[in-house]
Amino acid sequence: METMNTNGTTRQYGAAIALVSGVYSLLSATGGTGMMGSNSGLLMALLGVVVVVHGVVLLTPYADRLGNASGPLMIGYSLVMLLNQALVGVTGSVNWGMGSGMGSGMNGGMGGGMSGGMGSSMTAGMGWDLGMVALAVLMLISGVIMTNRRNDSTGM
């Protein structure tokens, strides 16, 4: 009975992280920044919908049908979120990208050429979204825990 309970708790934590991350992805993609017109915004909106649906499924009896796929799915979502943030951070605005201290020193020479074609008002809002990065890291950890729990427990 103990493993069932810890798997249920792990599933609830995973669902909570998935729901918060998915809603945050949707809100940030459709929010005031107008990112829906960009590839990054569309990707985050689509991923947000998928992650919210996954989170809801984890709270239902259908979660058992996902079986061992739930943890790896969450790892996959988190890697897509992190990759998207890395691309936005590098290509969007170099000054916002890697933190003001290191970023300006390491990327100062390339900064002018990369952002020259885009207006500074457009790139100012497209740097790292630290909230998204934090949620993606939480989702990655949750996915790893869910994967390890499923592999360690017997019968699930």
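Cut-offs and rules
Residues numbered from 1 in each chain as written. Predicted model: local features only at pLDDT ≥ 70, side-chain atom pairs only at ≥ 80, totals over all residues. Heavy atoms only, no water. UniProt positions renumbered as here; feature names shortened; annotations may be inferred. Helix = DSSP H or I, 4+ residues; strand = E, 2+ residues; numbered from the N terminus. Expected span 1.5 Å × (residues − 1). Buried < 20%, exposed > 50% of the residue type's maximum accessible area, 1.4 Å probe, protein only. Arc of directions from axis to C-beta.

The protein chain appears in an unreviewed UniProt entry as Integral membrane protein from Haloarcula saliterrae.

Asker: So, the UniProt feature "transmembrane region" (unreviewed entry) in the protein chain: which residues are in play, and what are the values?
Answerer: UniProt tags residues 12-30, 42-63, 75-98 and 126-146 as "transmembrane region" (unreviewed entry). Its end C-alpha atoms 27 Å apart, residues 12-30 is made of 100% helix and 0% strand. Counting secondary structure, residues 42-63 comes out at 82% helix and 0% strand; the distance between its end C-alpha atoms is 27 Å.

Asker: Residue-level account of helix α4 (residues 70-91), with values.
Answerer: The end-to-end C-alpha distance of α4, which contains 22 residues, comes to 32 Å, matching closely the 32 Å that a straight helix rising 1.5 Å per residue would cover. For α4, the set of buried residues is S70, G71, M74, Y77, S78, M81, N84, Q85, V88 and G89. What you see down the axis of α4 is that its buried residues fit within an arc of 155 degrees, all on one side.

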